[in-house]
Amino acid sequence: MQIGIVGLGKMGGNMSRRLMKAGHHCVVYSRTAKTREVLAKDGATAGVSLADVVRTLGERPRAIWLMLPAGQVTEETVESLAALLERDDIIIDGGNSFYKDDVRRAKKLAENCISYIDCGTFGGVWGVERGYCMMIGGPKQAVDHLDPIFSALAPGLGDIPRTPGRQKGDTRAERGYFHAGPSGAGHFVKMVHNGIENGLMQAYAEGFDILRNKDSSALPEDERFALNLADIAEVRRRGSVISSWLLDLSAAALAKDPQLEDFSGFVQDSGEGRWTVEAAIEEAVAADVITTALYAVSARGRSIPSAKRCFRPCASASVGMSRVRSRLTPNQSQKIRRVTRQHSKPLSSPVPWATVRRMQRTARVVQSLPRRQAKPPGSLRHGDFGATGNPTKRLMITALYNLSRTAPAEAE
């Protein structure tokens, strides 16, 4: 089967190789000529432009898979392809686009009878050998047409025991891919997947940090343990209830570098964690672990490249609080105003540690406010969830989120 691949980074290039290994013909394009040439040596046909890729694809309907960074680059590429493609052709976005952008793009492309598929793709640099886990959204006819492509990219059944009761169900999920629903559903499922991943990684990190610091000089001497983290990670891989691929990767890293000196402790925000929290607010669903994990890296000032900005209150936190107050009782609003007034103005210099501690106490006060009846989804949205390292936002957001997702019973 023919398919175009646009974007030949760490995943796009390896996906092309896996597809060619399965007998499919890939027409590839990247802005960098050297990258195109490397894939051409591996057997792909290299296009010199998007128009060239479209012309080279002879099979109809033509299908072009994008593996590009979410945002403007993907948006511009979809628009360019829309002007080149024809009726029944298919665009697949395999990157990490926001699912609401998928919904909008699908509607616009449908006006010209072009199908749009959003495919949440997981596998990273290991996917070329392990296969790619895929969560697919889009029209059924287009998804079914591309099933040979999805099947070739997927991990397959492997040696994982089959889940009891699934023998009569859709076998695609057992092979590592499935049709989640209409346009946007694929990236939505992948988005929440990444939110869960954030929580899991943070839980592992906190656990290992507790183990590592058990030999702290602040502890009684007879209660200090110098624990071997590499061995602990390895033993947990075998028969432990918390075993996972993430733990496998952690064990490999600790075996190579027990002190993890080559790691920065910083993870670039790609958007999915923030979007997952926004979805939780819209749906009035508690997501305490995922929300806290989102800010965990920014809680460590040393982990942020621009550390001098780490301890400055942010205006967006005040905006978020003003929105929350519209949902509170007068007594609760007064209590929040009293304990947060001193942190509502931007400061020209870093906040002293004592002030940070007061902010922590503020967060605990807000969290101690009584819970209320659930409010229908969409009652409040917070527009800025960037991991800025800001203590006001970091310490308050979980409490504010829990307050904003509900409304006082007497106001119903």
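Every value quoted in this text rests on a predicted model; they were computed, and no experiment measured them. (Residues numbered from 1 in each chain as written. Predicted model: local features only at pLDDT ≥ 70, side-chain atom pairs only at ≥ 80, totals over all residues. Heavy atoms only, no water.)

Draft legend 1. A look at the overall build of the protein. Along the protein, the regular secondary structure elements total 18 helices and eight strands. Within the protein, buried positions represent 46% of all 412 residues. Counting only contacts in the protein whose residues sit at least 6 apart along the sequence, the fraction spanning at least 24 positions is 68%. In the form shown here, the protein has an accessible surface area of approximately 21,300 Å², with 54% of it arising from carbon and sulfur atoms. (Helix = DSSP H or I, 4+ residues; strand = E, 2+ residues; numbered from the N terminus. Buried < 20%, exposed > 50% of the residue type's maximum accessible area, 1.4 Å probe, protein only. Contact = heavy atoms within 4.5 Å. Areas by Shrake-Rupley, 256 points an atom, 1.4 Å probe, with all protein chains shown as cover.)

Draft legend 2. Geometry of the nonpolar core. In terms of nonpolar packing, the biggest core is built from 30 residues, with I3, W65, I92, I117, M134 and F150 touching the most fellow members. Among the nonpolar cores identified, the runner-up in size contains 19 residues, and Y29, V54, L81 and I91 belong to it. (Core = buried A, V, L, I, M, F, W, Y, C linked by side-chain atoms within 4.5 Å.)

Draft legend 3. Focus on the packing of aromatic side chains. Summed over the entire model, instances satisfying the criterion amount to seven aromatic pairs. Here F98 and Y99 contribute two aromatic rings whose centre-to-centre distance is 5.2 Å and whose plane-to-plane angle is 75°, an arrangement assigned as edge-to-face. When sorted by exposure, F98 lands in the same class as Y99, which is buried. With centroids separated by 4.8 Å and ring planes inclined at 75°, the aromatic side chains of Y99 and F188 adopt a geometry described as edge-to-face. In this pair, Y99 is assigned in helix α5 (residues 99–110) and F188 in helix α10 (residues 185–212), connecting sequence segments 89 residues apart. With a relative accessible area of 16%, Y99 lands in the buried category. Taken together, the ring pairs in this structure connect F98, Y99, F188 and W275 into an aromatic cluster. (Phe/Tyr/Trp six-rings, centres within 6.5 Å; stacked < 30°, edge-to-face > 60°.)

Draft legend 4. Fine view of the sheet that holds strand β8 (residues 177–181). The strand order across the open sheet formed by eight strands is β3-β2-β1-β4-β5-β6-β7-β8, and the pairing between neighbours is mixed. This sheet does not close on itself; its edge strands, each paired only once, are β3 (45–46) and β8. Where strand β1 (residues 2–6) lies against strand β2 (residues 25–29), five bridges are found, and the strand directions are parallel. In the strand pairing of β2, I3 is matched with C26. (Pairing = 2+ DSSP bridges.)

Draft legend 5. A look at the confidence of the model for the protein. Mean pLDDT over the protein: 78, with 71% of residues reaching 70 or higher. The lowest-confidence element of the protein is helix α15 (residues 315–325), averaging 33 in pLDDT; the highest-confidence one is strand β5 (residues 90–93), averaging 98. Of the regions scoring below 50 in pLDDT, residues 404–412 engages in 26 contacts with residues more than four places distant in sequence or in other chains. (pLDDT = per-residue confidence, 0-100.)

Draft legend 6. Spotlight on the side chain of E174. By the element assignment, E174 lies in helix α9 (residues 171–174). The class for E174 is buried, based on a relative accessible area of 16%. One polar contact links E174 to R162, side chain to side chain, over a distance of 2.6 Å. When sequence neighbours within four positions are dropped, the list of residues in contact with E174 reads G156, L157, R162, T163 and R166. (Polar contact = N/O pair within 3.5 Å; in protein donor to acceptor, adjacent residues only side chain to side chain.)

Draft legend 7. Examining the packing of helix α4 (residues 72–84) against α5 more closely. In the contact formed by α4 and α5, the axes pass within 11 Å of each other and the chain directions differ by 10°. The angle between α4 and α5 places the two elements in the roughly parallel class. Residues T74, E75, V78, E79 and A82 of α4 touch α5, and the partners they reach there are R104, R105, K108 and L109. Counted by class, the contact of α4 with α5 contains three nonpolar, one polar and five charged residues. (Axes fitted to C-alpha atoms, helices over the stretch in contact; angles between N-to-C directions. Parallel < 35°, antiparallel > 145°, perpendicular 65-115°, else oblique. Nonpolar A, V, L, I, M, F, W, Y, C, P; charged D, E, K, R; others polar.)

Draft legend 8. The packing of α10 against helix α12 (residues 245–256), seen in detail. Between α10 and α12, whose axes approach to 11 Å, the crossing angle comes to 40°. As far as their axial angle goes, α12 and α10 are oblique. Our pair here, α10 against α12, has a crossing hand that is right-handed. Of α12, the residues touching α10 (which contributes E197, L200, M201, Y204 and F208) are L246, L247 and L254. Here the contact of α10 with α12 is composed, by residue class, of seven nonpolar, no polar and one charged. (Left-handed = near helix turned anticlockwise from the far one by under 90°.)

Draft legend 9. Molecular detail of a nonpolar patch on the surface. A cluster of nonpolar residues, V125, W126 and L249, forms a patch on the protein surface that exposes about 250 Å² of accessible area. Looking at the secondary structure, you find V125 in the loop between β6 (115–122) and α6 (127–130). (Patch = residues over 30% accessible without salt bridge, like charges linked within 9 Å, V, L, I, M, F, W, Y side chains within 5 Å. Salt bridge = Lys/Arg side-chain N within 4 Å of Asp/Glu carboxyl O.)

Draft legend 10. Representation of the pairing of strand β4 (residues 63–66) within the structure. In β4, alternate side chains face the same way, and those of A63 and W65 on one face and I64 and L66 on the other are all buried. When β4 meets β5, the two strands line up parallel, connected through four bridges. Among the inter-strand pairings, A63 is bridged to a residue of β5, identified as I90. Note on the crossover from β4 through α4 to β5: the handedness is right-handed. (Right-handed = clockwise from strand over helix to strand, strands pointing away.)

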